[in-house]
Amino acid sequence: MCGIVGYVGSREATPLLISGLRKLEYRGYDSAGLAVTGPGSGLASGSDPAPMQVVRCRGKLAGLEALVEREPPRGSVGIGHTRWATHGRPSEANAHPHRVGPIAVVHNGIIENYLALRARLEVAGRRFSSETDTEIVAHLIDEALGEGAKSLAEAVRVALRQVHGAYALAVVSEKHPGQIVAAKVASPLVIGLGRGETFLASDVPAFLEHTREVIFLDEGDIAEITADGAKLTDIEGKPIIRASKTITWDAAQAEKGGYPHFMLKEIHEQPRAIADTLRARLRLETSDADLEGFEVNVRSLRRVVLIACGTSYHAGLVGKFLIESASRVPCEVDLASEFRYRDPVVGPDDLIIAISQSGETADTLAAVKEARSRGSQVLAISNVVDSAIPRASQGALYTHAGPEIGVASTKCFTAQLAALALVAIHLGRRTGTLASDAAKRMVEELAGIPTKMAEALEALGDMKELAAQYRDARDFLFLGRGTNYPIALEGALKLKEISYIHAEGYAAGEMKHGPIALVDDGVPVVVLAPRGPGYEKVLSNLAEVRARNGHVIAVATKGDKQIGGLCDRVLTIPDAPPLLQPFLTVLPLQIMSYAIALAKGNDVDQPRNLAKSVTVE
Ligand code: M6R
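Parameters at a glance
- Residues numbered from 1 in each chain as written.
- Predicted model: local features only at pLDDT ≥ 70, side-chain atom pairs only at ≥ 80, totals over all residues.
- Heavy atoms only, no water.
- Helix = DSSP H or I, 4+ residues; strand = E, 2+ residues; numbered from the N terminus.
- Rg over C-alpha atoms; globule rule 2.2 N^0.38 Å.
- Buried < 20%, exposed > 50% of the residue type's maximum accessible area, 1.4 Å probe, protein only.
- Contact = heavy atoms within 4.5 Å.
- Lys, Arg positive; Asp, Glu negative; His and termini not counted.
- Charge placed at Lys NZ, Arg CZ, Asp CG, Glu CD.
- 1 Å grid on protein atoms, 1.4 Å probe; cavity = no way out; pocket = protein on both sides within 12 Å on 5 of 7 lines; lining within 4 Å.
- Points joined across faces, edges and corners; volume = space filled by probe spheres on them.
- Nonpolar A, V, L, I, M, F, W, Y, C, P; charged D, E, K, R; others polar.
- Near = heavy atom within 4 Å.
- Polar contact = N/O pair within 3.5 Å; in protein donor to acceptor, adjacent residues only side chain to side chain.
- Areas by Shrake-Rupley, 256 points an atom, 1.4 Å probe, with all protein chains shown as cover.
- Pairing = 2+ DSSP bridges.
- Axes fitted to C-alpha atoms, helices over the stretch in contact; angles between N-to-C directions.
- Salt bridge = Lys/Arg side-chain N within 4 Å of Asp/Glu carboxyl O.
- Right-handed = clockwise from strand over helix to strand, strands pointing away.
- Core = buried A, V, L, I, M, F, W, Y, C linked by side-chain atoms within 4.5 Å.
- Phe/Tyr/Trp six-rings, centres within 6.5 Å; stacked < 30°, edge-to-face > 60°.
- Lys NZ or Arg CZ within 6 Å of the ring centre and 35° of its normal.

Peer 1: Please give an account of the overall build of the chain that cites residues and values.
Peer 2: Across its full length, the chain holds 19 helices and 27 strands. Relative to the globule expectation of 25 Å for 617 residues, the C-alpha radius of gyration of the chain, 26 Å, shows essentially globular dimensions. With the C-alpha coordinates of the chain rotated into their principal frame, the extents come out at 85 × 55 × 45 Å. The burial tally for the chain puts 59% of its 617 residues in the buried class. The long-range fraction of contacts in the chain, counting pairs at least 24 apart against all pairs at least 6 apart in sequence, stands at 72%. Between the averaged position of the 67 positive side-chain charges in the chain and that of its 74 negative side-chain charges there is a distance of 1 Å.

Dropping the structure here:
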């Protein structure tokens, strides 16, 4: 998730931008940069504008600081950026700001139609110096100015009328001193109102030490920001009046968006993470999915093998259902830590998909190398652009979840499901097994998932009361069938990882083959029972548990009147087709684990004995 900062006032902008970027470091980044322009510090506005200076580098902020120390950019107007790569690898050329003529732009988000816009601009004779979608916006603004736009804000409006996608943007121009123009669609931006100075940022902590008076930009807002405040319009230039608010959070709370922990923040970011992962890849018009140009030769495709560890492995188990159902291509799922040591039977006709949030997990990386040494084609699904696993693979489909800081993986799990659903649709359309009607239904259902997730999160609440009841349990069981069996495994993993309660996930039909012996009144059993083909069967498994005095917590479809009488608690989720239910059934399990860990006083974001990714042998 990129970080944006901006400043307009009478102080030197550079140190304020750097300190703002430092406060946004928690968002994760792989490169950083700033653009500073006039009027110069202490100069009255109206004096000759200082030429704009742009400084950028790959890597940490210390690198940027060293560069600006050597040659400090002077001026009291500036924008800064920390980049978390989505298009184009982390490099100085891809770092923001992107400069075109007098314009510099920083951007957070995804421009969906950037390929078409780039092609049009290239035909018009424009040359590009990066692989990013952001540079397109700088060209469009410069073009609009060249074609007579009367102000910088007007040029931004003209440019953005051509753009589809999600963006938070900040623009400065050396020909338009004393102002920043900002715009927002689907990515956060907030203005900080100081005395004779105005700040801009992706998130409040960037300027909290200078002001607590803020205006949160809303969808479609364009803001003309000067030292005296901000004028807001819509994309057509119609004025908008929006009252400011006073922030009462402290700096630490502000970093977590007002949530007490990163894990909870990340749980609530899931609707956005899924929407961003699907954006520009899910083709509603053709009922198809694009894999960032990665094409599979389905004629010679013998099978798909998914390899991963931990939570990513559970995403793979759901992926098997998605891929086999849509494409009828046989699919296996393997733990990377087993695959790599097993002399696996894979070859040139197998597509290997390596799933890793961090892109750095040592076992998954070794498994990728093993598969490639046997001639298999490898596609990586990762959340970190240019990390080791995508680099070692022939193709990469990135989840756009933004950095996941909590050790317990939540938003990256569901973003991996979204990426796997894209793979399934892509393969199904090419093998011809996903007919256009079925594809249309699947694409539409998938596009509606973020809204259903938001609805579920809203309805589930904080589960504090449930956590208080079960915090002292010694063991938990999680039961599910079909696509919800992997979710039972994931629920158990999440609970073990952060609450330190022993938990087992089982395929519900397996209970009678042994595990039922564990059930008594001291073992809470979470039963995943959404409406679908396995529903009646799950109800009989639930009855088996009840008959042995087990406490049953059911995850059920909203409106299910039957299940309430059969269990102790019901956690409801919106209806969805079985293949897509995991996006929803996992949500109550994530919140429950969080709430129980919190009730036990555990460090939720940094559980004992665990690191975010396991990169050493
Ligand atoms: O970065 P990766 O997806 O490769 O990490 C794999 C596992 O270490 C990871 O999913 C782990 O199981 C999670 N922290 C569980 O919440």
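Peer 1: Got a sec to walk through empty space enclosed by the protein? Specific residues and values, please.
Peer 2: Considering all chains together, one arrives at four cavities of 30 Å³ or more under this definition. Along its surface, the second largest cavity is lined by V5, G6, Y7, L16, L17, G20, F199, L200, A206, F207 and H210. Elements with a contribution of two residues or more to the lining of the second largest cavity: β1 (3–8), α1 (13–23) and β10 (198–201). Looking at the lining of the second largest cavity, its residues break down into eight nonpolar, three polar and no charged.

Peer 1: How would you sum up the site of the ligand? Please name residues and give values.
Peer 2: Neighbouring residues of the ligand: 14 residues in total, closest S312, S356, S358, T361 and E497. Q357 is positioned with one of its backbone polar atoms (N or O) 2.7 Å from an oxygen atom of the ligand. Within the side chain of E497, an N or O atom sits 2.6 Å from an oxygen atom of the ligand. Coverage of the ligand by the protein amounts to 91% of the 410 Å² it exposes when considered alone. Listing elements by their share of the shell around the ligand, those giving two or more residues are α9 (310–327) and α17 (485–499). Residue composition of the shell around the ligand, grouped by class: four nonpolar, eight polar and two charged.

Peer 1: Give a description of the sheet that holds strand β22 (residues 395–398) that names residues and reports values.
Peer 2: Each strand in a sheet pairs with its neighbour through backbone hydrogen bonds, running either in the same direction (parallel) or in the opposite one (antiparallel). Strands sit in the order β19-β18-β20-β21-β22 across an open sheet of five strands; the sheet is parallel. Edge strands, defined here as strands with exactly one partner in the open sheet, are β19 (331–335) and β22. Going from strand to strand, the sheet's axes swing by 20° on average, the running direction of each strand aside. Strand direction decides the pairing type here: strand β21 (residues 377–382) and β22, joined by four bridges, are parallel. Bridging from a neighbouring strand, S382 pairs with Y398 of β22.

Peer 1: If you had to explain the side chain of R303 to someone new, which residues and values would you point to?
Peer 2: The topology assignment puts R303 in strand β18 (residues 303–308). Accessibility expressed as a relative area gives 11% for R303, which makes it buried. A distance of 2.8 Å separates polar atoms of two side chains, one belonging to R303 and the other to E332. For R303, the contacting residues outside a window of four places in its chain are V329, P330, E332, V345, V346, D349, D350 and L351.

Peer 1: Which residues make up the pattern of salt bridges, and what values do they have?
Peer 2: As a working rule, side chains carrying opposite charge can pair if their charged atoms are close by. Scanning the entire structure with this criterion turns up 42 salt bridges. Where E12 meets R74, a salt bridge forms, and the shortest distance between an N and an O atom there is 3.4 Å. Linking E12 in the loop between β1 and α1 with R74 in the loop between α2 (61–70) and β4 (77–83), this pair joins segments that are 62 residues apart in sequence. Note that E292 and R281 form a salt bridge whose closest N and O atoms lie 2.7 Å from each other.

Peer 1: Just give me the short version of the layout of surface pockets, but keep the residues and values in it.
Peer 2: Its boundaries defined by the atoms lining it, the largest pocket holds a volume of some 580 Å³. Along the walls of the largest pocket sit 22 residues, with P188, G257, Y259, K265 and E269 positioned nearest its centre. Contributions of two or more residues to the lining of the largest pocket are made by α7 (262–268) and α8 (270–278). A total of three residues in the lining of the largest pocket trace back to one element, the largest contributor, which is α8. Residues belonging to the lining of the largest pocket are distributed by class as follows: 11 nonpolar, four polar and seven charged.

Peer 1: Outline the sheet that holds strand β7 (residues 165–173), listing residues and values.
Peer 2: Taken together, the seven strands give an open sheet; going across it, the order is β5-β6-β7-β8-β12-β13-β14, and neighbouring strands pair in antiparallel fashion. The sheet terminates laterally at β5 (98–100) and β14 (239–240), the two strands that pair on one side only.

Peer 1: Account for the pairing of strand β25 (residues 524–529), with residues named and values stated.
Peer 2: Within β25, six of the six residues are buried, which leaves the element mostly enclosed by the surrounding structure. Here β25 shows two buried faces, one formed by P524, V526 and L528 and the other by V525, V527 and A529. Inspection of the sheet shows strand β23 (residues 475–480) paired to β25 by three bridges, in the parallel sense. Bridging from a neighbouring strand, L477 pairs with V525 of β25. Summarising the sheet, β25 and strand β26 (residues 551–557) pair through six bridges and their orientation is parallel. If you follow V525 over to β26, its bridge partner there is V552. Handedness of the crossover joining β25 and β26 through helix α18 (residues 535–547) is recorded here as right-handed.

Peer 1: Can you explain the pairing of β23? Please cite residues and give values.
Peer 2: Along any regular strand the residues' side chains alternate between the sheet's two faces. Burial analysis of β23 places six of its six residues in the buried class, the great majority of the element. Burial along β23 is two-sided: the face carrying D475, L477 and L479 and the face carrying F476, F478 and G480 are both buried. With six bridges connecting them, β23 and strand β24 (residues 502–507) associate as parallel partners. Note on β24: the bridge partner recorded for G480 is A507. Considered for its hand, the β-α-β crossover made up of β23, α17 and β24 is right-handed.

Peer 1: Give a detailed account of the nonpolar core, specifying residues and quantitative values.
Peer 2: If you look at soluble globular proteins, the nonpolar side chains tend to sit buried side by side. V304, I353, F476, F478 and F583 are the most contacted members of the largest nonpolar core, which has 91 residues in total. In terms of residue count, the dominant contributor to this core is helix α13 (residues 411–431) (13 residues). When neighbours within four sequence positions are excluded, F476 is seen to be in contact with Y470, L495, I501, H502, A503, E504, V523, P524, V526, I553, M592 and I596.

Peer 1: Tell me about the packing of aromatic side chains, residues and numbers included.
Peer 2: In the structure shown here, the tally under the stated rule is four aromatic pairs. Residues F476 and F478 carry aromatic rings whose centres are separated by 5.9 Å and whose planes lie at 25° to one another, so their mutual orientation is stacked. Like F478, F476 is buried. Ring pairing ties together the aromatic residues Y7, F199 and F207, which thus form one cluster. Cation over ring: K60 sits above Y29, and NZ or CZ is 4.3 Å from the ring centre. Above the plane of the ring of Y535 lies R531, whose end atom (NZ or CZ) is 4.3 Å from the centre.

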